[in-house]
Amino acid sequence: SSVTAKYSNTSFSSGTPVQSGKTVTFTQTASAGYTFKEWNTKSDGKGTTLSTNATYTHTVAATNTVYAIYTPNKYTVKYNANGGTGSMADQAFIYGTSQNLTANAFTNIGYSFNGWNTKADGTGTNVAEGKKVVSKSNVSLYAIWEKIEPDSEQDTESDTETGIETDTEDTSTDEPKIYTLSYDL
């Protein structure tokens, strides 16, 4: 953030004496991630609010210190099931503050959750579940799903009418089977 102070169209820096009765104009520019809140008599913003305008004009009557007060921006991370089901609340972030992402609560039958991505098609930035991040803007995170493949060592057949899957794995071995017969004489 920066502050410019001028009187009689001449810029001056902090600590420069200004004659009583002169008018000083203060102009501020907020840094990325912050929003101007007010001009205040204390650096922590707990003094007297002088103005909430970005430009403040002050007539000097005594020795004064004027502070530009800024607040960090608030951002939202939205979670998208991306083909899955369920719901997740948006997560609030404050600029410059890191926190863990909310654990995934979405489900997708036949798929396992494989993290988040900033694009629905998975071509954006990958973000691991629960990762500690700093959000510098509003963002949507899309669930990335990986198809669960059936066990390749076992063959199955499906009956589409009943939805029953049966095991058709050949359980025969090359070893001979021994049968025992007994007779009563």
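Parameters at a glance
- Residues numbered from 1 in each chain as written.
- Predicted model: local features only at pLDDT ≥ 70, side-chain atom pairs only at ≥ 80, totals over all residues.
- Heavy atoms only, no water.
- Pairing = 2+ DSSP bridges.
- Helix = DSSP H or I, 4+ residues; strand = E, 2+ residues; numbered from the N terminus.
- Phe/Tyr/Trp six-rings, centres within 6.5 Å; stacked < 30°, edge-to-face > 60°.
- Buried < 20%, exposed > 50% of the residue type's maximum accessible area, 1.4 Å probe, protein only.
- Lys NZ or Arg CZ within 6 Å of the ring centre and 35° of its normal.

Student: In this structure, what is going on with the sheet that holds strand β11 (residues 111–117)? I would like to understand it.
Tutor: Strand pairing within a sheet occurs via backbone hydrogen bonds; the two strands may be parallel or antiparallel. Sheet architecture is open: five strands sit in the order β9-β8-β14-β11-β12, paired in mixed fashion. Each of the sheet's edge strands pairs with one partner strand only, and the pair in question is β9 (91–94) and β12 (126–127). The sheet contact formed by strand β8 (residues 74–80) and β9 spans four bridges and is antiparallel. Paired with K74 across the strands is I94, a residue of β9.

Student: Explain the packing of aromatic side chains here, please?
Tutor: Two aromatic rings are characterised by how far apart their centres lie and by the angle between their planes. Going through the model one piece at a time under the given rule, you end up with eleven aromatic pairs. Measuring from ring centre to ring centre gives 5.8 Å for F26 and W39, while their planes differ by 45°; the resulting arrangement is tilted. Linking F26 in strand β3 (residues 23–29) with W39 in strand β4 (residues 34–40), this pair joins segments that are 13 residues apart in sequence. W39 carries the same exposure label as F26, and that label is buried. Measuring from centroid to centroid gives 4.9 Å for Y79 and W116, while their planes differ by 55°, and the two rings are tilted. One end of the pair, Y79, is in strand β8; the other, W116, is in strand β11, with 37 residues separating them in the sequence. Using a relative accessible area of 8% as the deciding quantity, one classes Y79 as buried. Judged by relative accessible area, W116 falls into the buried class, the value being 1%. Through a chain of ring-to-ring contacts, three or more aromatic side chains come together here, namely F26, F36, W39, Y56 and Y70. The aromatic ring of Y111 is capped on one face by K147, whose charged end is 5.3 Å from the ring centroid.

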